[in-house]
Amino acid sequence: MMDNNKKIKNIIQALGEHKDSEAAIELLTELGTNSPDDEIRELTAQTLIRKNTHESLRVVLISKGKGINDLSARVAMASINELLALKDKTEAIKILDDTIKMHSEEDVRNTARSVRALMTFSS
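Position labels on residues start from 1 in each chain and follow its written sequence. Selection of residues for local features in this predicted model requires a pLDDT of at least 70, selection of side-chain atom pairs for listing and counting requires 80 or more, and totals for whole chains, interfaces and linings are taken over all residues. The side-chain values count all of the structure's non-hydrogen atoms but skip hydrogen atoms and water molecules.

### Concerning the nonpolar core
Short version of the rule: To form a nonpolar core, buried Ala, Val, Leu, Ile, Met, Phe, Trp, Tyr and Cys residues must be joined to one another through side-chain atoms within 4.5 Å. A 1.4 Å probe rolled over the protein chains alone gives each residue an accessible area, and that area as a share of the maximum for its type sets the label: buried under 20%, exposed over 50%, partly exposed in between. Comment: elements are numbered from the N terminus, with helices defined as DSSP H or I runs of at least four residues and strands as E runs of at least two. Throughout, a contact is declared for two residues whenever any of their heavy atoms are within 4.5 Å.
Residues Leu61 and Leu83 are the most contacted members of the largest nonpolar core, which totals 26 residues. Looking at this core, the elements that each hand over two or more residues are α1 (2–17), α2 (21–32), α3 (38–51), α4 (54–62), α5 (73–85), α6 (90–102) and α7 (106–122). Residues contacting leucine 61, with those up to four places away along its chain left out, are Ile68, Asn69, Leu83, Ala92, Ile95, Leu96, Thr99 and Val108.

Listed below in structure tokens is the structure:
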């Protein structure tokens, strides 16, 4: 099992660096963020955040049950810490602002609001 996890981690990392961003993000979203394993979801969220593109950030910022909205506190906190570590927070803040204004789920809006406040105070 340990060997399998190492392989999965390497694949997630490789997808994070992959040039065909759209296909990589799609695969990370389908397999990584939907994994039953907290560690895999955590690693996937961190990888998507490090990509720091509109498409990759949308997945972890506005999707219920993924990234900052993950039901695992470990995954959500790792996602938030990764967001705070971004050098350029512009895109993430823009998506959070849109989420706060327009998302249909109140809990997703509230999480976005909290993370947005943290990002403001950390810069």
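### Some remarks on the pattern of salt bridges
Which entries qualify depends on this criterion: When a carboxyl oxygen of Asp or Glu is within 4 Å of a side-chain nitrogen of Lys or Arg, the pair counts as a salt bridge.
Inspection of every chain in the model, using the stated rule, returns 9 salt bridges. Between glutamate 42 and arginine 74 there is a salt bridge; the shortest N-O distance is 2.4 Å. Highlighted residues: glutamate 42 in helix α3 and arginine 74 in helix α5, separated in sequence by 32 residues. Since its relative accessible area comes to 45%, arginine 74 is described here as partly exposed. Note that lysine 64 is salt-bridged to glutamate 105, the shortest N-O span being 3.6 Å.

### Considerations on the packing of α4 against α6
Condition: As a rule, the C-alpha atoms of each element are fitted with a line to give its axis, helices using only the stretch in contact, and angles between N-to-C directions run from 0 to 180 degrees. An angle counts as roughly parallel when it lies under 35 degrees, as roughly antiparallel when it exceeds 145, as roughly perpendicular when it falls between 65 and 115, and as oblique in every other case. Left-handed describes a crossing whose near helix is turned anticlockwise from the far helix by less than a right angle; the clockwise case is right-handed. Nonpolar residues are Ala, Val, Leu, Ile, Met, Phe, Trp, Tyr, Cys and Pro. Charged residues are Asp, Glu, Lys and Arg, and all others, Gly as well, are polar.
It is the contact of α4 with α6, at a shortest axis distance of 10 Å, that shows an interaxial angle of 45°. In terms of axis orientation, α4 runs oblique to α6. Classified by chirality, the crossing of α6 by α4 is right-handed. Contacts between α4 and α6 involve His54, Leu57, Arg58, Leu61 and Ile62 on the former and, on the latter, Glu91, Ala92, Ile95, Leu96 and Thr99. Taken together, the residues that form the contact of α4 with α6 break down as 6 nonpolar, 2 polar and 2 charged.

### A short note on the environment of isoleucine 80
Within the fold, isoleucine 80 resides in helix α5. When neighbours within four sequence positions are excluded, isoleucine 80 is seen to be in contact with Ile68, Val115 and Leu118.

### Comments concerning the side chain of glutamate 42
On the basis of relative accessible area, glutamate 42 is assigned to the buried category, the value being 15%. Residue contacts for glutamate 42: discarding those within four places in its chain leaves Arg74, Val75 and Ala78.

### Some thoughts on unusual backbone geometry
Phi is positive for asparagine 52, which is not a glycine, with a value near 55°. In this structure, asparagine 52 sits in the loop between α3 and α4.

### Some words on the side chain of serine 35
Within the secondary structure, serine 35 sits in the loop between α2 and α3. Not counting residues up to four positions away in its chain, the partners in contact with serine 35 are Ile40 and Arg41.

The analysis is restricted to geometry; functional conclusions fall outside its scope.
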